[in-house]
Amino acid sequence: REDLQYLLHSPPLLSALFNASHPTASACSSTLQTALEHNISLASQLQALETQLVALRETTQQKLLEARALERRWREKEKEMYQALQPFSGVAQCARLQVAAGEAERVGEEMVERFLEGGGEVETWAKAYREVRRVEALRRERGARWGEGRVAGWRN
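Residues numbered from 1 in each chain as written. Predicted model: local features only at pLDDT ≥ 70, side-chain atom pairs only at ≥ 80, totals over all residues. Heavy atoms only, no water.

### A short note on the overall build of the chain
Logical step 1: The helix and strand tally for the chain stands at five helices and zero strands.
Logical step 2: In the chain, the succession of α and β elements from N to C terminus is α-α-α-α-α.
Logical step 3: Expressed as a percentage of the 156 residues in the chain, the buried residues total 10%.
Logical step 4: In the chain, the share of contacts with a sequence separation of at least 24, taken over all contacts with a separation of at least 6, comes to 56%.
Logical step 5: Across the chain, the mean location of the 22 positive side-chain charges is 6 Å away from that of the 22 negative side-chain charges. (Helix = DSSP H or I, 4+ residues; strand = E, 2+ residues; numbered from the N terminus. Buried < 20%, exposed > 50% of the residue type's maximum accessible area, 1.4 Å probe, protein only. Contact = heavy atoms within 4.5 Å. Lys, Arg positive; Asp, Glu negative; His and termini not counted. Charge placed at Lys NZ, Arg CZ, Asp CG, Glu CD.)

Right under this line is the structure:
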């Protein structure tokens, strides 16, 4: 009885007894050995794939950082582009048109004041004055059209 107790509490002895006396022990052992060798082979393949995966992760991380840097540069360039195009926007051009109409009106008033102060020939002054008023009227008309939305291709 003591021998059996000792045998039950000693796994190496129990395993040796099983392998020595049981009829299916050698078949189970060879199957187990084959599965163990296959697992070892798979583990080595997995380790090789792991090194490839680490390298691919590092490359991907680097590419991601490069892409983000390019995105930042693009946003900066786009901002510069919009700032450079700002003077040509519809709002800016409409404002310039209104300023130019006011400037033409101011020039016309200055011409009247200079003429009334006694300057120049009437015929020459009249031609120049009509031209200034014509330009002013054209600019005012264009500004009015712009305000009504009758300027093709521009939207405010």
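### With respect to the packing of aromatic side chains
What characterises a pair of aromatic rings is the spacing of the ring centres plus the angle enclosed by the ring planes.
Logical step 1: This structure, assessed with the given rule, holds two aromatic pairs.
Logical step 2: Aromatic pair Phe115 and Trp125: ring centres 4.4 Å apart, planes at 20°, arrangement stacked. With a gap of 10 residues between them, Phe115 in helix 4 (residues 90-116) and Trp125 in helix 5 (residues 122-148) connect regions that are remote in the sequence.
Logical step 3: On the basis of an interplanar angle of 15° and a centroid distance of 4.8 Å, the ring pair of Trp125 and Tyr129 is categorised as stacked. Of this pair, Trp125 and Tyr129 both sit in helix 5, four residues apart, which is roughly one turn of the helix.
Logical step 4: Here the aromatic residues Phe115, Trp125 and Tyr129 are joined through ring pairs into a cluster of three or more. (Phe/Tyr/Trp six-rings, centres within 6.5 Å; stacked < 30°, edge-to-face > 60°.)

### Focus on the packing of helix 4 against helix 5
Logical step 1: It is the contact of helix 4 with helix 5, at a shortest axis distance of 9 Å, that shows an interaxial angle of 155°. Classified by the angle their axes make, helix 4 and helix 5 are roughly antiparallel. Between helix 4 and helix 5 lies a crossing of left-handed hand. (Axes fitted to C-alpha atoms, helices over the stretch in contact; angles between N-to-C directions. Parallel < 35°, antiparallel > 145°, perpendicular 65-115°, else oblique. Left-handed = near helix turned anticlockwise from the far one by under 90°.)

### Remarks on the pattern of salt bridges
Logical step 1: For the structure on display, the rule yields nine salt bridges.
Logical step 2: With its nearest N and O atoms 3.7 Å apart, the salt bridge here joins Arg140 to Glu136. With Arg140 and Glu136 both in helix 5, this residue pair falls four residues apart, about one helical turn.
Logical step 3: Its relative accessible area of 39% is what places Arg140 among the partly exposed residues.
Logical step 4: Put simply, Glu105, Arg133, Glu136 and Arg140 are held in one network by salt bridges that share partners. (Salt bridge = Lys/Arg side-chain N within 4 Å of Asp/Glu carboxyl O.)

### Some points on the environment of Gln62
Logical step 1: Within the fold, Gln62 resides in helix 3 (residues 25-85).
Logical step 2: The partly exposed category is assigned to Gln62, whose relative accessible area is 43%.

### Let's talk about the side chain of Glu136
Logical step 1: Relative accessible area serves as the criterion here: at 10%, Glu136 is assigned to the buried category.
Logical step 2: Each residue touching Glu136, except ones within four places of it in the same chain, is listed here: Ala101, Ala104 and Glu105.

### A few points about a nonpolar patch on the surface
Logical step 1: Together, Met81, Tyr82, Leu85 and Phe88 make up an exposed nonpolar region whose accessible area comes to about 420 Å².
Logical step 2: Along the chain, the position of Tyr82 falls in helix 3. (Patch = residues over 30% accessible without salt bridge, like charges linked within 9 Å, V, L, I, M, F, W, Y side chains within 5 Å. Areas by Shrake-Rupley, 256 points an atom, 1.4 Å probe, with all protein chains shown as cover.)

### What about the confidence of the model for the chain?
Segments scoring low in pLDDT should not have their predicted coordinates read at a detailed level.
Logical step 1: Summing up the model confidence of the chain, the mean pLDDT is 87 and the portion of residues at 70 or higher is 95%.
Logical step 2: Least confident of the elements in the chain is helix 1 (residues 2-8), whose mean pLDDT is 77; most confident is helix 3, at 93. (pLDDT = per-residue confidence, 0-100.)

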